[in-house]
Amino acid sequence: MSAPDGSPVGAERSIGQLFASATTEMSALVHDEIALAKAQLKQDVKRGATSGGAFTVAGAVLVFSLPMLNFALAYGIRTWSDWNLALCFLLSFAANVLIAIGLALIGWVYAKKATKSKGPQKVAASVKESASVLQKAKPHPRPAPALEDRSPAAIEAVARSSS
């Protein structure tokens, strides 16, 4: 069994190895959260498209079916009931309006689901939380060089390590 970076479990790992491992895991986490946000946005767009399609169909049904359906229904009601022709046309119009209202309600339900979804906001909050945890991380303190060792080589080595 080994750690993600290939070193055996339980073995001492250097700060560099630990930092590389943390960086790799954080990168994978960010990529996974971006993929999650994309999937949630895709679902919201699909719901919005379904809502828009239902509203469009409702409008098309109301506009394009009114002339032919009104005439056919009105004359059919007149044939079956011997009612006044004007009343028959009003009943046929009312039937078309009920169909359009039903389709509009379906569109409204899908639109409400699409606007109610908080998927990307949840992912954004999670990313911010991860970033705040990383900002609070402190580097491991380095031991200070001994004061007795003031040779030019030691000073140069400290200058190179701190830059």
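Residues numbered from 1 in each chain as written. Predicted model: local features only at pLDDT ≥ 70, side-chain atom pairs only at ≥ 80, totals over all residues. Heavy atoms only, no water.

**Q** Got a minute to help me understand the overall build of the chain in this structure?
**A** Scanning the chain from terminus to terminus reveals 4 helices and 0 strands. Traced from its N-terminal end to its C-terminal end, the chain shows the element sequence α-α-α-α. Counting the 163 residues in the chain, one finds 17% classified as buried. Pairs at least 24 apart in sequence give 56% of the contacts found in the chain among residues at least 6 apart. A total of about 12,500 Å² of accessible surface is found on the chain, and carbon and sulfur atoms cover 69% of it. (Helix = DSSP H or I, 4+ residues; strand = E, 2+ residues; numbered from the N terminus. Buried < 20%, exposed > 50% of the residue type's maximum accessible area, 1.4 Å probe, protein only. Contact = heavy atoms within 4.5 Å. Areas by Shrake-Rupley, 256 points an atom, 1.4 Å probe, with all protein chains shown as cover.)

**Q** Before we go on, may I ask you to explain the packing of helix 1 (residues 15-81) against helix 2 (residues 85-116) in this structure?
**A** Axes are the key here: two packed helices are described by the angle between their axes and the distance separating the axes. At a minimum axis distance of 8 Å, the contact between helix 1 and helix 2 shows a crossing angle of 175 degrees. Between helix 1 and helix 2, the angle is such that the two are roughly antiparallel. In terms of residue class, the contact of helix 1 with helix 2 is built from 29 nonpolar, 8 polar and 4 charged. (Axes fitted to C-alpha atoms, helices over the stretch in contact; angles between N-to-C directions. Parallel < 35°, antiparallel > 145°, perpendicular 65-115°, else oblique. Nonpolar A, V, L, I, M, F, W, Y, C, P; charged D, E, K, R; others polar.)

**Q** When you look at helix 2 in this model, what are you seeing that I'm missing?
**A** For helix 2, with 32 residues, the first-to-last C-alpha span of 47 Å sits near the 46 Å given by 1.5 Å per residue. Within helix 2, the full set of buried residues consists of C88, S92, N96, A100, G107 and A114. Tucked into the core, helix 2 has its buried residues touching helix 1. (Expected span 1.5 Å × (residues − 1).)

**Q** Any chance you could explain the environment of S51 here in plain terms?
**A** The residue S51 is located in helix 1 in this model. Between the C-alpha atoms of S51 and W108, which are 57 residues apart in sequence, the distance is 6.7 Å. For S51, the residues in contact, after removing those within four places along its chain, are G107, Y110 and A111.

**Q** I tried to follow the confidence of the model for the chain on my own but got confused; where do I start?
**A** Close inspection of predicted coordinates is inappropriate for parts of the model with low pLDDT. Here the chain averages 78 in pLDDT, and 71% of its residues register 70 or above. Mean pLDDT values for the elements of the chain range from 54 in helix 4 (residues 152-162) up to 89 in helix 2. (pLDDT = per-residue confidence, 0-100.)

**Q** Even after reading the chapter, I still don't get a nonpolar patch on the surface, so can you show me in this structure?
**A** Side chains of F55, L98, I101, L105, W108 and V109 sit close together on the surface and give an oily, nonpolar patch of about 610 Å² of accessible area. Element by element, the count of residues in the nonpolar patch is highest for helix 2, at 5 residues. Within the secondary structure, I101 is located in helix 2. (Patch = residues over 30% accessible without salt bridge, like charges linked within 9 Å, V, L, I, M, F, W, Y side chains within 5 Å. Salt bridge = Lys/Arg side-chain N within 4 Å of Asp/Glu carboxyl O.)

**Q** Would you mind showing me how to read helix 1 here?
**A** Given 3.6 residues to a turn, an α-helix orients residues that are three or four positions apart in the same direction. Of all the bends in helix 1, the greatest, near 60 degrees, is centred on L66, and the proline P67 appears no more than four residues after it. Phi turns positive one or two residues past the end of helix 1, at D82, with a value near 60 degrees. (Bend = angle between axes of the 7 residues up to and from the residue.)

**Q** What am I meant to see in the packing of aromatic side chains here?
**A** The geometry of two aromatic rings is summed up by the distance between their centres and the angle between their planes. Applying the stated criterion to the full structure yields 3 aromatic pairs. Geometrically, the ring pair formed by F71 and Y75 is stacked, given 6.5 Å between the ring centres and 15 degrees between the ring planes. Of the two residues, F71 and Y75 are both situated in helix 1; the distance of 4 residues between them amounts to about one turn of the helix. In this structure Y75 comes out as partly exposed when scored by relative accessible area, which is 44%. With 5.9 Å between their ring centres and 75 degrees between their planes, Y75 and F89 make a pair best called edge-to-face. Pair noted here: Y75 is in helix 1 and F89 is in helix 2, with a separation of 14 residues, a long-range link. Residue placement shows K113 over the ring face of Y110; its charged tip is 5.7 Å from the ring centre. (Phe/Tyr/Trp six-rings, centres within 6.5 Å; stacked < 30°, edge-to-face > 60°. Lys NZ or Arg CZ within 6 Å of the ring centre and 35° of its normal.)

**Q** Is there a simple way to think about unusual backbone geometry in this case?
**A** Peptide bonds are, in most cases, trans, and in most cases residues other than glycine have a negative phi. A positive phi angle is found at D82, which is not glycine, with a value near 60 degrees. Among the secondary structure elements, D82 is positioned in the loop between helix 1 and helix 2.

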